[in-house]
Amino acid sequence: MLQDSLQPTTLSSLGRERFSLTFLLLTVTFCVCLIISNLMEIKTVDLGFMTITAGVAVFPLSYIINDCLVEIYGFRKARLVIFLGFSMNLLTVLLLHLGLWLPGSETWTEQEAMEAIFGATPRILCASFTAFLAGSLTNAWVMAKMKQSSTSDGRNATSATRFSARAILSTIWGEGIDSIIFFPMAFAGVLPWGAIISLILTQTVLKTVYEIIALPLTVMLVKRLRRLEYSPIISASR
């Protein structure tokens with residue numbers, strides 16, 4: 001089954017599938033976290049020895065949900081959710097720019113503030129979208145391949161220890177790819193390369209540490225999802 005989940009999928013084949021309420025709730029949460037984190041990126045937060053963006057508080061949640069999706073539903077459905085998140089984020093940006101473009105009334109005095117918050121440059125948007133897509137797909141693919149390897153070797157791929165290892169290593173790969181793509185695309189020629197490299201390392205480490213801290217909750221969530229999705233009652237109702 002896992003091998004099949006790594007194969008190409010057509011929209012028509014997905015359209016014939018049934019999706020559980022749990023899967024739909026995870027999908028909606030993933031999209032909301034992604035959109036909110038991008039809206040929060042405009043604010044910087046001082047952590048004493050470093051400065052990060054406020055989006056760091058939310059964005060890693062999308063990777064945690066991504067790990068749960070791959071673990072329970074496979075790479076194929078996780079990839080669908082990633083593309084949905086990308087599409088909804090793009091739609092949000094387009095609609096926000098539509099709001100910026102619409103002429104304000106005589107009493108509207110906050111156009112400049114709205115542009116400062118929601119009027120991200122095309123370069124930043126392109127970097128953000130490209131980095132998210134590459135990083136999230138890498139995270140999901142590494143998770144799926146590691147689980148496939150454990151299963152083919154006859155090991156207990158569903159154990160908490162093996163899942164934790166998959167979650168951490170896939171996050172390092174995913175967040176690393178995300179940062180390596182985003183910061184050079186967004187800030188090359190604006191910031192010195194030393195600062196860009198520092199940002200890449202800092203963001204990757206912080207987001208990975210975030211996942212490690214949240215790992216006990218992630219393991220509990222995966223166990224709960226596995227019971228919900230594979231219980232005899234649910235299976236019989238499908």
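Note that the structure is predicted; figures quoted are calculated from it, not measured. (Residues numbered from 1 in each chain as written. Predicted model: local features only at pLDDT ≥ 70, side-chain atom pairs only at ≥ 80, totals over all residues. Heavy atoms only, no water.)

Concerning the packing of aromatic side chains
- Evaluated as defined, the whole model comprises 8 aromatic pairs.
- Note on Phe183 and Phe187: the rings are 6.2 Å apart at their centroids and 25° apart in plane angle, and the pair reads as stacked. Separated by 4 residues within a single helix, Phe183 and Phe187 lie in helix 8 (residues 160-187), roughly one turn from each other.
- With relative accessibility at 9%, the residue Phe183 sits in the buried group.
- Linked through ring pairs, Phe19, Phe23 and Tyr73 together constitute an aromatic cluster.
- We note Lys77 situated over the ring of Phe23; from NZ or CZ to the ring centre the distance is 5.8 Å. (Phe/Tyr/Trp six-rings, centres within 6.5 Å; stacked < 30°, edge-to-face > 60°. Helix = DSSP H or I, 4+ residues; strand = E, 2+ residues; numbered from the N terminus. Buried < 20%, exposed > 50% of the residue type's maximum accessible area, 1.4 Å probe, protein only. Lys NZ or Arg CZ within 6 Å of the ring centre and 35° of its normal.)

Describing the state of the cysteines
- Enumeration over the complete set of coordinates arrives at 0 disulfides.
- The thiol of Cys31 is unpaired, and the distance to the nearest cysteine sulfur, on Cys33, comes to 9.5 Å. (Disulfide = S-S within 2.5 Å.)

Remarks on helix 3 (residues 21-40)
- Counted at 1.5 Å a residue, the expected span for helix 3 with its 20 residues is 28 Å, and the 28 Å between its end C-alpha atoms agrees.
- Considered for burial, the residues of helix 3 that qualify are Phe23, Leu26, Thr27, Phe30, Cys31, Cys33, Leu34, Ile35 and Ser37. (Expected span 1.5 Å × (residues − 1).)

Observations concerning the side chain of Asn66
- Relative to the assigned elements, Asn66 resides in helix 4 (residues 59-73).
- Non-local contacts of Asn66, meaning those with residues more than four positions away in its chain, are made with Phe30, Ala78, Ile82, Ser136, Asn139 and Ala140. (Contact = heavy atoms within 4.5 Å.)

Some details on the pattern of salt bridges
- Throughout the structure, instances matching the rule amount to 4 salt bridges.
- In this structure, Arg166 engages Glu71 in a salt bridge whose closest nitrogen and oxygen atoms are separated by 2.6 Å. Here Glu71 lies in helix 4 and Arg166 lies in helix 8, a separation of 95 residues in the sequence. Neither residue differs from the other here; Arg166 and Glu71 are each classed as buried.
- Taking the shortest distance from any N to any O, the salt bridge between Glu71 and Arg226 comes out at 3.2 Å. Of this pair, Glu71 sits in helix 4 while Arg226 is found in helix 9 (residues 193-230), placing the two residues 155 residues apart along the sequence.
- Each of Glu71, Lys147, Arg166 and Arg226 takes part in one network of salt bridges that share partners. (Salt bridge = Lys/Arg side-chain N within 4 Å of Asp/Glu carboxyl O.)

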